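# Working through the structure, step by step
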Amino acid sequence: MDSRTPVVRADMYAEWVSQTESIQVVTSPTDVLNAFTPGVSRTVVEAVVTFLEKTISSSSTLTTPGQVQWTMKIIGYGLTLPIVTEEPLVNNCVEIYRDWLSALYSPKPCVPPPIILDPNFYAQLIFEQFTEVFSPLQGSCPVSDGHVSLCYKVLQVAHTLVKESSVRFSLETWHTFLKSLLRIANNILAPPLQPNDSIGSKLHEHVIHVFFESWLRACAECFPTPVYWKTLRELCCCWRHHPSLIQCWNSLLLSLSLRVVSLLYSPSHLSCLSLPLQEDQDFKQMVACLRDDALVQAWFRTLHTLGDVVDLCHAERVVSVSTTPQGVTTEREGQPPVGQTRRLELLPGIFHDAMRGVAQLVFLFLGINFSSSSHYPGGGNPFETQLPTTPGLVHHSPAARRKEIKMDKANGGHNVNVQKSSHSRFYVNIPLAASKLSESTSVIRPEGNTLLHLFGSWLFGATTWPSMQTADGTWTLGHVSQPQLQPMDFEAGRAEALRALCAIFSAQHCGVPFLPIYLARFYQALCYGLQYDPETCSGQMVIFIILSSTSLFRKDLQSINVMVPYFLPMLEFILAGKTNFGYEVKMEELRHAAIQILSCLLCHPYHFLNQPLPDLLCASAGGSLYPTGQQTTPTFISLKGRILRLLFVAIQDEQDPKNLHLLLQSLHVIIKDIATYEGVAEAVASPSAGHTSDGKPIPGDGNPDLIFGDEDIHLAVLFEKACGAATTCLLTQKWECNTLVSLSALELISGLAELNIEDIHHSVTRDIVLSICTYIKGLALKEILRHSKILHTCIVAAFKALLDFISWHPYTLSSQRCLTKIMKVVELGISGAFSEDPKGHVVYKGLKELKPISGRVKEIAEFVFASVMERVGSFPSPSGPAAPSSLVTEEDLLTRLPSDKKDQARFWYYIVDNSMVLALLEKGFTEQKDALPTVSVIIRSPSGRHVWTMQLRNHPRSEASPNKHLHGTARPCLNPTPMSTPVPIYRSPWPDSVNQQPMMTVDGSIPTLEDTLGEELRSVHETVVTLVEQQIEAESRSHDKVHDVTRGRPFPDPDLAQESPEPRTEFETARLFLSHLGLMGIEGVQTDPQSRLPPLAMLDSTRDFFHTQLASLDSLPTRFCNTVFVLYCKRGNTQVSDILSGQDSLNDKPNEFVEFFNGLGWAVDPAHHPGFAGRLHPSIFKEGCGPVEAQIPHHSFPYHATIMTEVAFVMPTLGLGTIGSTTSVHSHESSELGPGPEPLHGDTFLSGKGVMSPEMVGGGGGGGGGGECDRTSSSNLGSRFKVGGASMDAETPRLRGSLQCGDHDCAAMVVWLENFEDHTHFPLEAMTSLLHSPTHMSSTSKTGGKKALPTIFIHKLSSGLYQIAVRMPSGRNEVSAGPLVDGMVVSRRTLSLLVRQTTINICSRFRMESEWHTNISTPFTNRKRKIEEFSNLFSRPVEVAEFFKKLFTCEVK
């Protein structure tokens, strides 16, 4: 059958004549006993039956066919006796026939020989007579338990024959058997509906089950002719008022469909299905016996056994049915048929069950997996049907049910408490998992057109409203008005039909369009189904549509966007309004489905822009979508305000964390789309009307109607509102420790911080920073018993978001309040407490006890502190965003020295505070003799490598000669006026007034020296006095002699004049530099008793492996490194080798993919790139005949870096060498490369512009970090040069050598699919094993599943939008990082931007949430530990005296 051609199904049995008339006509008995009186006839029967009962254990005396036939006439008459009075006698007749029928499989001794010889002939007679047991039971005559028992016994006899595999009926026997069963079933099931105490009400379920089981056995042994199939369909159309018939029909079709699906497709199609309806074991056994050709025929014919199931929702077509001799349906005149009212009461539930069965078949063919019953409201499985024994209690009256709904609404309830029976089940029977068709549908499944050919007429017909309706809203059934039935009563069945239609269209095959006629009818059905009026319906259709349509807008359905204005009002009603459905449903699941649909509509306003919104209701003369009198037709851009308003209101009201996560990510996506459309995300300055030029908010910012109206929406206002919503979630006690919500809110803040919106008021950004700090403080100060890994993860994520935000808005640090708050939370993260307690007491650093919250929190706090001090405000660094550290090494400095200084140039190596390595070079870079004291220092710290060159200058740089102060000055000229001889002046040591005072007695109390001397000392004193007098005389003679000599010489004397010394050209600048830092004091070089090393210690650079370890330190990254493998998967590629072989070139790729790939970052040349270049972690993988290898080619690739992270987007290809040699290539990048953190969208690959010149030796400012990750083996070192007495390679790369990422880097995959369905069989585990196999990154499920990388699948839709599918590793949380989540639809302009942000967030979350992170620290901490290890290996603790001796004697060099 061509699936593209609609089928007009005619009556398949039109050319055949049914036997309905012969079955329904009751013939009068013609046996001879009918000619006698009842008493005589009964006596004959009793005598014969009694004799046969007595000889049951011996051989039969009936030896001729005539005897047997005569006896059977007697027994047949006995079956017609009144069972109420002759129950034992009739029971004996049944027992005799049951024994005689054993001749068909295992004859008993009492079976007459003629029956054994020809069992089929006599079995036909017995089957015909068995129908007499049921013939007189029509009507409402009273029934005894014995009567029911006899009927059950007859049915059990038939069931035994069917179950017995050794029974072999002839063709005539099968026809008689089926005809007898049809007559029995018709006697029990034919209308009118019998009372509850009638035989029909007690036998109908068993009769139907035995009948259909026998029919299946007939299909296996002797397939019924079309005559019988036509008879069956006509009679079943008369029996449809029995719920048990629909129940058995559903069960039978399920058993048949399971084998049909397995036959048409494969057993794997059903391997993962969890069926909602238990398969009947009797039917299963019978279906297993069917041949393949008989199976398909039986399935198709059984499917149409009930005729058009849509008739069940049209009461006039069902109530007017009566069995006539012609076997057709007619309309009664006059009074309504007997039991019409009860049949009407059952009709809505019957229609619901029938449509549910059809929907079940649709799901089975699609391969949709049904979840466990725990997903259903009320905890029950709605497909489990348990029929009560009394049919009248199956359903509530429709009028009574509507009354309950109205009473519940009047009481203010949101849900209706109705009878939860098997047929009137007011429960949603679509679990949340079943709506994810992209995951749950089978890849091998029929096309949608094929399913619509089979079920479309029923499904579309069931969704249309009945036309026979009077002006007052009642239905007209013949000549009788039935006000108790309204469209609302059939809403459950219509909802099932809509559900099945949504499933068919949501499971569309990629590249296989639906027929336009089907699309038109489907859209029309959705339009009417989404119209909700609480007064006329319960909302079940709306609920089922929302729950089943989560994938509709992700499919390539032609003109599906015309349904946006019909879905949006219902999404607003569910998410933003006070939902008051008259149907019980789990609101969190309904809101989740609504949010999923909304996430597919985010980019529609700017994508379709001015395209008008069609009014399908008006076109179909069924109403209008827009208000009456509206002048202009709305366009898609007018939906922008409604979507934004809906998102903000839904975020405010949402109570489910998973739904709130989706809402926050959706808000992130739509704001990025708006910003990118307006050019802001591309770093193109664009004035915003959010604030005035003086920074004040525009008037009316608080008015939601103004913000989210149809006019232009200000980006600054959106930024403020979105960040406000995120911080509100963070500071809400309910969500503060919920990682799903908290991490999503922090990702939203970090993502929006990248937007270059000029008019954001500084107070807004300050408030955001303060809110994040408050959030960190609140979590850190919680009671110790409430601390957990989840809480610490939230703190780490908050620190990262804080650093991200202030890196994009560094001006926030100019606020004293913000800076103080940041420093306090950093202190809290490092030490676990504040220095200042609430009472104002300050605890100084040396006295504070170090109790960090956790190791992870301490590390990230240290990283934030170092970044604030060194990087924030200086990103990108002078070396470019790819190199936060300086690119200059010892080799470059030595190369720049003049030739006469190279041989003497040496480096001094010191370790400062056991956390910083200093390499000092004292030589200058000029050949001038009057060069200033110059020192070059290479600082290796935990934040990176920084190089500075410093000079000791005493004059500003504006002076022409920097050494001007070193030249001597001429002596000043003499004064021509002769100088007079100075008069000697004698100054007494005592004031003159002392001598004028009269002497007193006390003045003589102190004796003179001479008076105190004894005889021995007097001679000594005289000798001293003599020597002093001689010295005075000698000095006087010498003075007179000098005066005589110099009296005749000129002044100034040129021979004796002093001149300035020559400037010094050799300096110990290293000592001067350390002195200026305050490290040359005694306390700076003296070992602390509590530590192994002093603050300043020497390093022995002459030891082996010193420079190897130094290069290893340089190779450690300073930022988190992520590798994103980008793959282009052609249609049908399922093998790893096929996929990798197509990644060599972009020339054969579509322009959309090339634009997307280039937009992931700025293009860099591997030969000149100093940053991370991607990394493979391959393992051995075999496919087909041999191993498969992968490599990263030396092509230009997109690269992106932030202050914390660097990402390399590489396209791996099929390797040529061994897997073990697939490492990486070191590369360089000039400072001109990489215009900034934003990518160059749409540009082709750029090439490198050369190696950075050695003149760029400025400080390694802030920025990301990282070292280069080698992709191929590095070359050996070349010629040697001396560094501190050792030798290094002259041709060592200027960068950081081979980046020792180890297991620190994370990875993800991005796969562009030509055919979206290929994502279900993409070799994810195999590709992961080949590209990135370490156990820390890929997760393993608890059930032993294979490892897999987080993967983002991208598929282009025909509308120009892009469908996203996100697959996380098995065993991890199903919810991934944002902003892209599974099922979103995004625009082309934001695709690269959002994919890049999502991959960064995925890797960041993995580092925070994975258990291996406890052993892996931040890059800052890794470098800090490496420096400590380096210090332990090469430090030389010496005494203070020895240190200064070595310093001044240059022994340390």
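The rules behind the values
- Residues numbered from 1 in each chain as written.
- Predicted model: local features only at pLDDT ≥ 70, side-chain atom pairs only at ≥ 80, totals over all residues.
- Heavy atoms only, no water.
- Helix = DSSP H or I, 4+ residues; strand = E, 2+ residues; numbered from the N terminus.
- Buried < 20%, exposed > 50% of the residue type's maximum accessible area, 1.4 Å probe, protein only.
- Contact = heavy atoms within 4.5 Å.
- Areas by Shrake-Rupley, 256 points an atom, 1.4 Å probe, with all protein chains shown as cover.
- Expected span 1.5 Å × (residues − 1).
- Phe/Tyr/Trp six-rings, centres within 6.5 Å; stacked < 30°, edge-to-face > 60°.
- Patch = residues over 30% accessible without salt bridge, like charges linked within 9 Å, V, L, I, M, F, W, Y side chains within 5 Å.
- Salt bridge = Lys/Arg side-chain N within 4 Å of Asp/Glu carboxyl O.
- pLDDT = per-residue confidence, 0-100.
- Core = buried A, V, L, I, M, F, W, Y, C linked by side-chain atoms within 4.5 Å.
- Polar contact = N/O pair within 3.5 Å; in protein donor to acceptor, adjacent residues only side chain to side chain.

## A look at the overall build of the protein chain
The helix and strand tally for the protein chain stands at 48 helices and 22 strands. Classification of the 1453 residues of the protein chain by burial places 55% in the buried group. For the protein chain, long-range pairs separated by at least 24 residues make up 78% of all intrachain contacts whose partners lie at least 6 apart in sequence. As displayed, the protein chain has an accessible area near 62,500 Å², and 54% of this comes from carbon and sulfur atoms.

## Structural notes on helix α29 (residues 715–731)
Over its 17 residues, α29 runs 24 Å from end to end, which matches the ideal 24 Å to within 8%, given 1.5 Å per residue. Burial within α29 is extensive, with 12 of its 17 residues counted as buried. Among the residues making up α29, those that are buried are L715, A716, V717, L718, F719, A722, C723, A725, A726, T727, C729 and L730.

## Describing the packing of aromatic side chains
All told, the structure shown has 45 aromatic pairs when counted by the stated rule. An angle of 80° between the planes, with centres 5.3 Å apart, marks the rings of W215 and W229 as edge-to-face. In this pair, W215 is assigned in helix α9 (residues 199–221) and W229 in helix α10 (residues 226–239), connecting sequence segments 14 residues apart. Across the pair, exposure class does not vary: W215 and W229 are buried alike. Taken together, a centroid distance of 4.3 Å and an interplanar angle of 35° make the contact between Y606 and Y677 tilted. A residue pair is termed long-range when its members are at least 10 positions apart, and Y606 in helix α24 (residues 604–608) and Y677 in helix α27 (residues 657–677) qualify at 71 residues. The class for Y677 is partly exposed, based on a relative accessible area of 39%.

## Concerning unusual backbone geometry
For the bond running from F875 to P876, omega is 0°, close enough to zero to count as cis. Within the secondary structure, P876 is located in the loop between α34 (855–870) and α35 (890–896). Look at the link from G1378 to P1379: it is a cis peptide, with omega at 5°. Note that P1379 resides in the loop between β20 (1362–1367) and β21 (1385–1386). You will see that S559, though not glycine, has its phi angle at about 60°, which is positive. Here S559 lies in the loop between α21 (540–548) and α22 (564–575). Its relative accessible area of 38% is what places S559 among the partly exposed residues. In this structure, L609 is a non-glycine residue whose phi angle is positive, near 50°. Considering the arrangement of structural elements, one finds L609 in the loop between α24 and α25 (616–619). The exposure class of L609 is partly exposed, given its relative accessible area of 24%.

## Quick word on a nonpolar patch on the surface
Side chains of L1017, V1020, V1024, V1028 and I1032 sit close together on the surface and give an oily, nonpolar patch of about 440 Å² of accessible area. Within the secondary structure, L1017 is located in helix α39 (residues 1015–1046).

## Details of the confidence of the model for the protein chain
This prediction gives the protein chain a mean pLDDT of 76; 74% of its residues lie at or above 70. Confidence drops under pLDDT 50 across residues 371–440; counting only partners more than four residues distant or on other chains, this segment forms 186 contacts. Per-residue pLDDT stays below 50 along residues 1339–1345; that stretch engages in 13 contacts with residues further than four places along the chain or on separate chains.

## A short note on the pattern of salt bridges
Tallied over the entire structure, the rule returns 32 salt bridges. A salt bridge links E86 to R42; the nearest nitrogen and oxygen atoms lie 2.7 Å apart. Taken together, the residues span a long stretch of sequence, with E86 in the loop between α3 (65–78) and α4 (87–100) and R42 in helix α2 (residues 38–54) at a distance of 44 residues. Two residues, E859 and R1425, come together in a salt bridge whose shortest N-O distance is 3.1 Å. Remark: R1425 occurs in helix α47 (residues 1419–1434) and E859 occurs in helix α34; sequence separation between them is 566 residues. You can call R1425 partly exposed: its relative accessible area is 44%.

## A word on helix α33 (residues 816–831)
Residues spaced three or four apart along an α-helix face the same direction, because each turn holds 3.6 residues. With 16 residues, α33 extends 22 Å from end C-alpha to end C-alpha; this agrees with the ideal 22 Å at 1.5 Å per step. Among the residues of α33, those classed as buried are C818, I822, V825, V826, E827, L828, G829 and S831. Among the structural elements, α31 (762–780), α32 (789–808) and α34 are those in contact with the buried residues of α33. Directly after α33, the chain includes G832, whose backbone phi takes a positive value near 85°.

## Considerations on the nonpolar core
Ranked by internal contacts, the top residues of the largest apolar core, which has 301 residues, are F455, F505 and I546. Here I546 is in contact with F567, M570, L571, I574, L590, A593, A594 and I597, once residues within four sequence places are set aside. Of all hydrophobic cores here, the second largest spans 36 residues; its members include I1139, I1192, L1324 and L1331.

## Observations concerning the side chain of S60
Structurally, S60 can be placed in the loop between α2 and α3. Side-chain polar atoms of S60 contact the backbone nitrogen of L62, separated by 3.2 Å. Excluding its chain neighbours within four sequence positions, the residues that come into contact with S60 are P109, C110, V111 and P112.

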